[in-house]
Structures are given as C-alpha cells and as structure tokens.
2 protein chains.
Amino acid sequence: MRELLRVPAGERPDVGRMDAAAIPAGPRDKAAGRAATAAMAPRLASLQERLYAAGTAGDRRRLLLVLQGMDTSGKGGTVKHVMGPLNPAGCRVKAFKAPTPEEREHSFLWRIRKALPQPGEIGIFDRSHYEDVLIGRVRGLAPRSELARRYTRINRFEESLAQEGVTVIKVFLHISYEEQRERLLARLDSPDKHWKFDPGDIEERGAWPAYQEAYERVLERCSTDAAPWFIVPADRKWYRDWAVSRLLLEHLEDMDPQYPRADFDVEECRSRLLAT
Amino acid sequence: MRELLRVPAGERPDVGRMDAAAIPAGPRDKAAGRAATAAMAPRLASLQERLYAAGTAGDRRRLLLVLQGMDTSGKGGTVKHVMGPLNPAGCRVKAFKAPTPEEREHSFLWRIRKALPQPGEIGIFDRSHYEDVLIGRVRGLAPRSELARRYTRINRFEESLAQEGVTVIKVFLHISYEEQRERLLARLDSPDKHWKFDPGDIEERGAWPAYQEAYERVLERCSTDAAPWFIVPADRKWYRDWAVSRLLLEHLEDMDPQYPRADFDVEECRSRLLAT
C-alpha cells in the first residue's frame with residue numbers, strides 16, 4: 001500500500017492528472033472500506049499502546065503524521081477518523097493556522113518544533129511547515145530564492161527528526177476541483193456549517209492551478225527517504241480514512257514497538273500487595 | 001444527576017464510608033450502562049462542535065474536566081472513554097506527572113495555566129493542581145500553613161476561570177481499597193501491563209488513609225459554586241464512564257453553545273462559487 005502511494009524521491013507528480021476518486025488498492029466500495037477501517041482499530045490501538053509503553057521505558061521513537069491538502073480536502077475529518085481507535089492521552093494533535101505575531105518573529109520551523117510528539121506519542125499535524133512553501137509561493141509571501149532555501153531547511157529538519165527516532169508520514173489529501181466546489185456549496189447550504197466557510201475560500205480556490213503547482217514542487221523537492229510524501233485520493237471520504245489509517249498501521253507495524261520488561265521483582269511485589 | 005454527585009460547599013464527605021460500587025442514579029447494570037453511554041455520544045459530539053464553532057466567532061466559553069483519584073482509579077480510562085465521541089481537534093488533554101525542574105521553579109499553578117483549554121475547547125486534566133494539596137499534604141512536602149494558602153489560591157484561581165468563561169467540572173474517581181488491590185494485582189499478572197506498575201505504588205497504597213483524609217479536606221475546602229467537586233463511584237468502570245459522560249453532557253447542555261450566524265452574504269457566495 002505504502003509503496004503505491006509514495007512519491008519517489010525527486011519525481012514530480014502531475015497532480016492535475018491524478019484521479020482524486022481513484023481506488024489504487026484496498027476495499028472497493030464504501031461499505032467494505034468502512035468495515036476494513038474498523039477492522040484495523042484494535043491493531044492500531046494495541047500498537048499505539050506499545051509505542052507509548054516503550055516510551056515510558058526510554059524508547060525515544062514516536063510518529064508524526066502530517067496532513068496537507070486544499071481547503072475541504074478533509075484534514076480535520078481525517079484527524080477525527082484516524083484518531084478514533086487511539087488513546088487520546090498518547091496523541092498530540094495540532095492544527096496550524098495563520099502564524100501569530102509571536103510566531104512570525106521566529107523561524108517558520110519554531111512553532112513546528114514546539115508541537116512535535118514526545119517519545120512514545122503519535123503526533124498529527126493539520127497543516128504544517130509546508131504552508132510556508134505553499135501559500136508562501138502562491139501568495140508571493142517569500143521570494144523564490146527564499147523558497148528554495150526553505151525546501152532545503154525542511155529536508156534537513158525532517159532528516160534530523162528521523163535521526164531522533166521520529167517516523168514522519170506526510171500525506172497529501174488530493175481532491176478534485178469539482179469536489180471542492182461541492183463541499184464548499186454544502187457548507188453554504190447548511191447554516192450549521194456556515195462557521196466553517198470564509199468568503200476568502202473562494203479567492204483561494206481561484207488560485208487552484210498555482211496551488212497545484214506549489215504542491216507538485218513540494219512533492220518533488222521534499223519526498224525523501226527520511227520523510228516521504230504519500231498522495232491519498234481524497235474525493236471519497238471512506239477511502240481517504242481507510243488509506244491514511246492503513247499508512248499509519250503499516251508504519252507502526254514496521255516500528256514494532258515492544259512492551260518494556262519489568263525492572264522490578266514481580267513476585268515480591270505480588271506478595272507485598274497481597275499483604276495489604 | 002449533577003446534584004446527586006455534587007459535594008455541597010463547605011461540607012466534608014466521609015469518603016471512607018461511601019460505597020465505591022454504588023449506582024446512585026442511571027443505568028443499573030453494565031449492558032445498560034454501556035448502551036446509555038453510547039447513546040449520549042451523538043449529543044456530546046454535536047454540543048462539542050457547537051462549542052468549538054462558537055469559539056471561532058468570539059464566544060470565550062470553554063470547559064475543563066479535572067480528573068483526580070487514587071492510582072488505578074481509572075483517570076486514563078475515563079479520558080479515553082469520555083473523549084471517544086468528541087473531535088480530538090477541539091480537545092486538549094493533559095496528564096500531569098511529577099513537576100519538572102522548570103515547573104518546580106514556578107508557582108504550582110504555572111503549569112496548569114499553560115495547559116488550560118482555549119475558547120471553544122474542552123480540556124481534560126488527568127491529575128491537576130490538586131496534587132499539590134494531596135501528595136503535598138500526605139508526603140509533607142509543604143507545611144500546613146502553606147497548604148491552607150494553597151486552598152485559598154486554588155479557589156481564587158478557579159473563580160477567575162469561571163469569570164473568564166471556563167466551566168470547571170472536578171471529578172473525584174472514588175475506588176475502594178479492595179478494588180485498588182485487585183487492579184494493581186491485575187497489572188502484575190499481565191506482562192503487557194508491567195509498564196503501568198511501579199513498586200512505589202505499593203508505598204503510596206500504604207498511605208491510603210492519609211490520602212483519603214487529604215481528599216476529604218480538598219472536597220471540603222474547594223467545592224465552590226464557581227467550580228464544584230463531584231464524587232463518582234468508580235469501582236465499576238462502566239458506571240464511572242457513564243457518570244462522567246453524563247456530567248459532561250449536563251454541563252454542555254447548560255452552556256447551550258450556538259452555531260454562529262454567517263457574517264457574509266450566503267447567496268452572493270453561492271453565485272460566485274457556482275461560477276467557478
């Protein structure tokens with residue numbers, strides 16, 4: 001699964017030509033997809049508990065899932081569904097908005113470092129440092145030379161994360177132009193969803209081709225062995241949830257975290273306890 | 001429900017005489033309890049979304065659930081179950097451990113303030129500032145005069161939270177001495193749970209009467225109108241989960257958060273969108 005969705009290092013995918021409703025592998029319809037996602041839950045919960053337990057005994061490893069995608073691509077929904085089976089105490093979810101004045105005074109990686117998962121934790125970023133090379137490029141907030149430097153800094157940063165034991169999974173939730181229109185319209189149609197809508201979303205949509213190009217550059221420049229990018233077709237929500245859960249599962253299985261052995265005398269403790 | 005579990009201001013409950021397996025109200029057995037808890041999920045999810053939505057439009061209100069209880073009383077399990085129906089993006093879970101050297105250099109409320117929920121969020125504390133008047137008292141880490149000052153500071157702090165729009169729900173998960181023994185033994189019996197066990201837990205258990213007394217004082221001194229304490233019988237996990245979910249639900253219903261009205265022209269946006 002992983003290899004199928006992974007962007008090969010240095011390759012520039014033609015995102016506009018990729019089918020956002022594709023089902024490259026796995027369950028073929030919604031019912032099967034939801035069932036397959038639910039079936040992964042116990043294994044995900046167990047692996048997360050092991051990771052957390054290992055973290056309490058000195059294992060420095062952790063996992064960071066980075067979610068990027070256009071407005072309405074389902075970053076928030078993915079967080080909710082993927083985290084469903086997990087113990088929230090071991091998760092660190094962070095949604096990055098426009099930087100605050102304080103954040104603006106620091107390097108663009110400053111706020112990212114502060115939000116990283118600690119050993120044993122699973123971190124999920126809803127948007128990330130990649131905004132600084134996406135909106136930064138599209139809106140001309142940074143000159144091209146600065147963007148080039150940022151790609152390099154990002155790659156170096158993620159390489160250092162990998163060396164510190166952070167498994168980084170970066171997911172581009174790929175939706176189509178038409179699907180975005182439907183989802184934005186749905187927000188307008190329901191008063192309970194008006195709060196999710198911002199008229200500025202329509203202007204952002206106007207920059208769709210520029211964003212697609214900015215994403216293609218990110219995928220080309222920043223899919224590394226240390227921290228690869230994965231493209232998940234996200235027009236179908238059930239497929240998106242299955243695919244991201246599956247990516248998480250495969251990476252956790254690779255990490256294969258282990259419950260730590262007792263560093264105390266179990267029998268002696270049992271006797272002492274029974275005497276109380 | 002709320003009034004049944006609430007500790008009246010200034011009253012000192014005799015915790016040792018309260019049945020930790022009691023079912024003071026609500027479902028009478030495990031199957032009914034689990035079903036009733038599950039039935040609350042959609043309403044909890046909806047109220048949380050409203051609270052979050054209102055927060056994006058300037059509503060400063062938020063909710064803080066504080067969980068305290070002896071080792072194995074189920075604070076972690078409660079976090080997991082109660083948060084199940086909620087969107088993790090709107091939750092802020094914080095487990096407080098022994099203070100770090102940095103935390104020790106500040107007032108005991110410093111680290112608490114840093115972890116408070118932001119407007120629109122639901123915060124859950126697994127342990128809290130109350131440790132500083134519990135273990136602080138039992139282990140003699142602070143003189144009695146300092147403890148008296150802390151109760152006052154805590155009440156003032158929580159009063160200020162209430163004024164800022166924070167609904168504070170403080171829950172004492174009450175388990176029996178016998179149930180704790182069973183749960184600690186269960187941790188010893190399963191190698192997968194050894195990581196949760198610390199031989200120091202047996203010493204802490206030795207201070208059971210002192211802890212009960214420390215809890216009684218906390219409940220007497222710090223159950224205020226601004227931030228009342230609730231005692232939840234927690235020997236039965238299904239009842240504990242139901243009761244805490246129910247407390248959360250009742251408070252959220254009282255808060256009655258509303259989706260904000262659109263501050264843009266919906267029809268105009270729809271036309272512009274349809275033209276894209």
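In case you missed it, the structure is sitting above this.
Since this is a predicted model, take the numbers as computed values, not measurements. Each residue is numbered by its place in its chain's sequence as written, counting from 1. Labels are handed out in written order, letters beginning with A for the chains and numbers beginning with 1 for the ligands. Local features in this predicted model are restricted to residues whose pLDDT is 70 or higher, and side-chain atom pairs enter the listing and the counts only when it is 80 or higher, whereas totals over whole chains, interfaces and linings include all residues. Neither water nor hydrogens contribute to the side-chain values; these are computed over all heavy atoms in the structure.

Novice: When you look at the overall build of chain A in this model, what are you seeing that I'm missing?
Specialist: Looking only at helices and strands, chain A features 12 helices and five strands. For 276 residues, the compact-globule estimate of 2.2 N^0.38 gives 19 Å, and the C-alpha radius of gyration of chain A, at 20 Å, lies within 12% of that figure. In terms of principal-axis extent, the alpha carbons of chain A reach across some 70 × 45 × 40 Å. Each residue gets one of three labels from its accessible area relative to the maximum for its type: buried under 20%, exposed over 50%, partly exposed in between, using a 1.4 Å probe on protein chains only. Counting over 276 residues, chain A shows a buried share of 51%. Contacts in chain A between residues far apart in sequence, at least 24 positions, make up 83% of those at least 6 positions apart. Throughout, the Shrake-Rupley method with a 1.4 Å probe supplies accessible areas, and for residues the shown protein chains are the sole cover considered. Accessible surface for chain A amounts to roughly 12,100 Å². Of this, 48% is attributable to carbon and sulfur atoms. Charged residues are defined narrowly, with Lys and Arg counted positive, Asp and Glu counted negative, and His plus the chain ends left uncounted. The location of each charge is read from NZ of Lys, CZ of Arg, CG of Asp or CD of Glu. Here chain A contributes 45 positively and 42 negatively charged side chains, and the mean placements of these two sets differ by 1 Å. What counts as a helix is a DSSP run of H or I of at least four residues, what counts as a strand is a run of E of at least two, and both are numbered from the N terminus. Using C-alpha atoms as the atom set, the radius of gyration is obtained and then compared with a globule rule of 2.2 Å times the number of residues to the power 0.38. The contact criterion used is simple: two residues touch if any of their non-hydrogen atoms lie within 4.5 Å.

Novice: Explain the pattern of salt bridges to me, please; I cannot follow it from the model alone.
Specialist: As a working rule, side chains carrying opposite charge can pair if their charged atoms are close by. Residues and elements named next belong to chain B. For this analysis, a salt bridge means a side-chain nitrogen from Lys or Arg found within 4 Å of a carboxyl oxygen belonging to Asp or Glu. Applying the stated rule across the entire model yields 52 salt bridges over all chains. A salt bridge links E103 to R111; the shortest N-O distance between them is 3.0 Å. With respect to burial, E103 and R111 carry one shared label: buried. Note that E250 and R246 form a salt bridge whose closest N and O atoms lie 2.9 Å from each other. Placement of the pair is E250 and R246 together in helix 11 (residues 237-255), with a separation of four residues, close to one helical turn.

Novice: Can you help me understand the interface of chain B and chain A in this one?
Specialist: The figure often quoted for interface size is the accessible area lost as the parts come together. Contacts between the two partners involve 38 residues from chain B, matched on the other side by 38 residues from chain A. Reported buried area values correspond to the accessible surface (1.4 Å probe) lost by two parts on association, with both partners' losses combined. For the pair chain B and chain A, the summed buried surface comes to about 3,700 Å²; carbon and sulfur atoms form 69% of the total. Linking chain B to chain A there are four salt bridges. Ionic pairing is found between R272(A) and E203(B), a salt bridge with its closest N-O pair at 2.3 Å. Polar contact is the term for a pair of N or O atoms within 3.5 Å; when the atoms are in protein, one must be able to donate a hydrogen and the other to accept it, and sequence-neighboring residues count only if both atoms are side-chain atoms. Across the contact surface, chain B and chain A share eight residue pairs in polar contact (both at pLDDT 80 or more). Of all the secondary structure elements, the ones that give two or more residues to the side of chain B that touches chain A are helix 2 (30-56), helix 3 (75-83), helix 8 (177-189), helix 9 (200-206) and helix 12 (266-274) of chain B.

Novice: Teacher, can you tell me more about helix 11 of chain B here?
Specialist: At 3.6 residues per turn, the α-helix brings residues three or four places apart onto the same side. Residue and element names in this part refer to chain B. Here helix 11 spans 27 Å end to end across 19 residues, near enough to the 27 Å set by a 1.5 Å rise per residue. Burial runs high along helix 11: 15 of the 19 residues are buried. Following helix 11 by one or two positions, D256 has its phi on the positive side, about 50 degrees. Expected helix span is computed as 1.5 Å times (number of residues minus one).

Novice: Would you take a moment to explain the relation of the copies chain B and chain A for this structure?
Specialist: Put simply, the second copy of the chain is the first one after a rotation about an axis and a shift along it. Least-squares fitting of chain B to chain A yields an RMSD of 0.0 Å, with the superposition described by an axial translation of 0.0 Å and a rotation of 180 degrees. The superposition operator between the copies reduces to a two-fold rotation axis. Of all interface residues in chain B, 100% are interface residues in chain A too; the two copies therefore contact each other through one and the same surface. Superposition of the copies used a least-squares fit over C-alpha atoms from residues whose pLDDT is at least 70 in both.

Novice: Which parts of the structure should I look at to understand unusual backbone geometry?
Specialist: For residues that are not glycine, phi is negative in most cases, and the peptide bond is trans in most cases. In the Ramachandran plot, T72(A) falls in the positive-phi region, its phi being about 70 degrees despite a non-glycine side chain. Mapped onto the elements, T72(A) comes out in the loop between strand 1 (62-69) and helix 3 (75-83). Phi is positive for D256(B), close to 50 degrees, though the residue is something other than glycine. Checked against the element boundaries, D256(B) lands in the loop between helix 11 and helix 12. For D256(B), a relative accessible area of 43% corresponds to the partly exposed category.

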